[in-house]
Amino acid sequence: MMIDVFLIALLLSILTGNIKNVLKYNYKGLYLFAVPFVLQLLPWKEILVPLSFVMLFLFFIWNRDIPGFKPMAVGAVLNGFTMSVNGGRMPVWEPTLKLLNLDLDFKHIAFTEFSWKTFLADYIPVYLPWGRKFVISVGDILVFVGVFIFFVLKPRFQTQPSRVPHES
């Protein structure tokens with residue numbers, strides 16, 4: 001679903017002309033954004049998944065002044081915590097999987113009872129108008145909100161009136 005959200009937000013950013021603002025930011029530690037996704041594909045998930053989320057969190061914190069990065073950071077922490085306490089895999093509520101007729105992939109594990117390890121897991125069903133369906137978490141929602149803020153909303157400094165005194 002992250003790809004769907006990213007592409008919709010990117011398209012809206014292009015249509016609204018806000019893409020120029022996205023490209024102007026001075027990002028700190030940009031490498032920390034790509035490396036975590038590669039780490040999550042490797043074995044040793046118990047070690048690499050928490051490390052990948054620490055790297056993402058650092059990237060978001062170092063860039064916290066960029067609109068949308070704070071909710072993305074909170075969402076990443078919630079998802080990272082949940083995956084870390086569940087062996088490097090995100091738990092998905094089995095009844096929702098059955099409801100949507102979905103299968104698990106290598107990054108997920110099914111659960112049937114809520115506990116402290118699963119209360120932030122994927123259990124919210126999502127149907128997209130073009131037929132795709134997913135199960136998402138509260139952390140995912142925060143990340144998606146942050147992505148839309150980042151791509152679509154104009155930065156505050158551009159929406160405020162000029163404070164330069166006018167000569168008469």
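Residues numbered from 1 in each chain as written. Predicted model: local features only at pLDDT ≥ 70, side-chain atom pairs only at ≥ 80, totals over all residues. Heavy atoms only, no water.

Engineer: So what exactly am I meant to see when it comes to unusual backbone geometry here?
Structural biologist: Residues apart from glycine generally show negative phi values, whereas peptide bonds are mostly found in trans. We note that Asn-101 has phi near 55°; this positive angle belongs to a residue other than glycine. Looking at Asn-101, the relative accessible area reads 65%, which means it is exposed. (Buried < 20%, exposed > 50% of the residue type's maximum accessible area, 1.4 Å probe, protein only.)

Engineer: What should I look at first to understand the packing of helix H1 (residues 2–16) against helix H7 (residues 138–152) in this one?
Structural biologist: Working note: a packed helix pair is described by the angle between its axes plus the distance between those axes. Two elements in contact, H1 and H7, have axes whose closest approach is 8 Å; the angle formed by their N-to-C orientations is 20°. Viewed along their axes, H1 and H7 adopt a mutual orientation that is roughly parallel. With respect to the hand of their crossing, H1 and H7 are arranged in right-handed fashion. Seen from H1, the contacting residues are Met-2, Val-5, Phe-6, Ile-8, Ala-9, Leu-10, Leu-12, Ser-13 and Thr-16; seen from H7, they are Val-143, Phe-144, Val-147, Phe-148, Phe-151 and Val-152. Residue classes in the contact of H1 with H7 are distributed as 13 nonpolar, two polar and no charged. (Axes fitted to C-alpha atoms, helices over the stretch in contact; angles between N-to-C directions. Helix = DSSP H or I, 4+ residues; strand = E, 2+ residues; numbered from the N terminus. Parallel < 35°, antiparallel > 145°, perpendicular 65-115°, else oblique. Left-handed = near helix turned anticlockwise from the far one by under 90°. Contact = heavy atoms within 4.5 Å. Nonpolar A, V, L, I, M, F, W, Y, C, P; charged D, E, K, R; others polar.)

Engineer: Can you walk me through the nonpolar core in this structure?
Structural biologist: For soluble globular proteins, nonpolar side chains are generally found buried alongside one another. Grouped together as the largest cluster of nonpolar side chains are 30 residues, with contacts concentrated most on Met-1, Phe-60, Phe-69, Met-72, Val-147 and Phe-150. Of all the secondary-structure elements, those providing two or more residues to this core are H1, helix H3 (31–39), helix H4 (45–62), helix H5 (69–84), strand E4 (133–136) and H7. Broken down by element, the residue count for this core peaks at seven residues, all from H4. If near-sequence neighbours (up to four positions away) are discounted, Phe-60 is found in contact with Phe-33, Phe-69, Met-72, Ala-73 and Ala-76. (Core = buried A, V, L, I, M, F, W, Y, C linked by side-chain atoms within 4.5 Å.)

Engineer: Could you clarify how one ought to interpret the side chain of Asn-86 in this entry?
Structural biologist: In this fold, Asn-86 is placed in the loop between H5 and strand E1 (90–93). A relative accessible area of 18% means that Asn-86 is categorised as buried. Look past the residues within four positions of Asn-86 in its chain and what remains in contact with it is Pro-91, Lys-117 and Thr-118.

Engineer: Would you explain the packing of H5 against H7 in this entry?
Structural biologist: At a minimum axis distance of 7 Å, the contact between H5 and H7 shows a crossing angle of 160°. It follows that H5 is roughly antiparallel to H7 by the angle criterion. Relative to H7, the crossing made by H5 is left-handed. Residue-level contacts link Phe-69, Pro-71, Met-72, Val-74, Gly-75, Ala-76, Leu-78 and Asn-79 of H5 to Val-138, Gly-139, Asp-140, Leu-142, Val-143, Gly-146, Val-147, Ile-149 and Phe-150 of H7. By residue class, the composition of the contact of H5 with H7 is twelve nonpolar, four polar and one charged.

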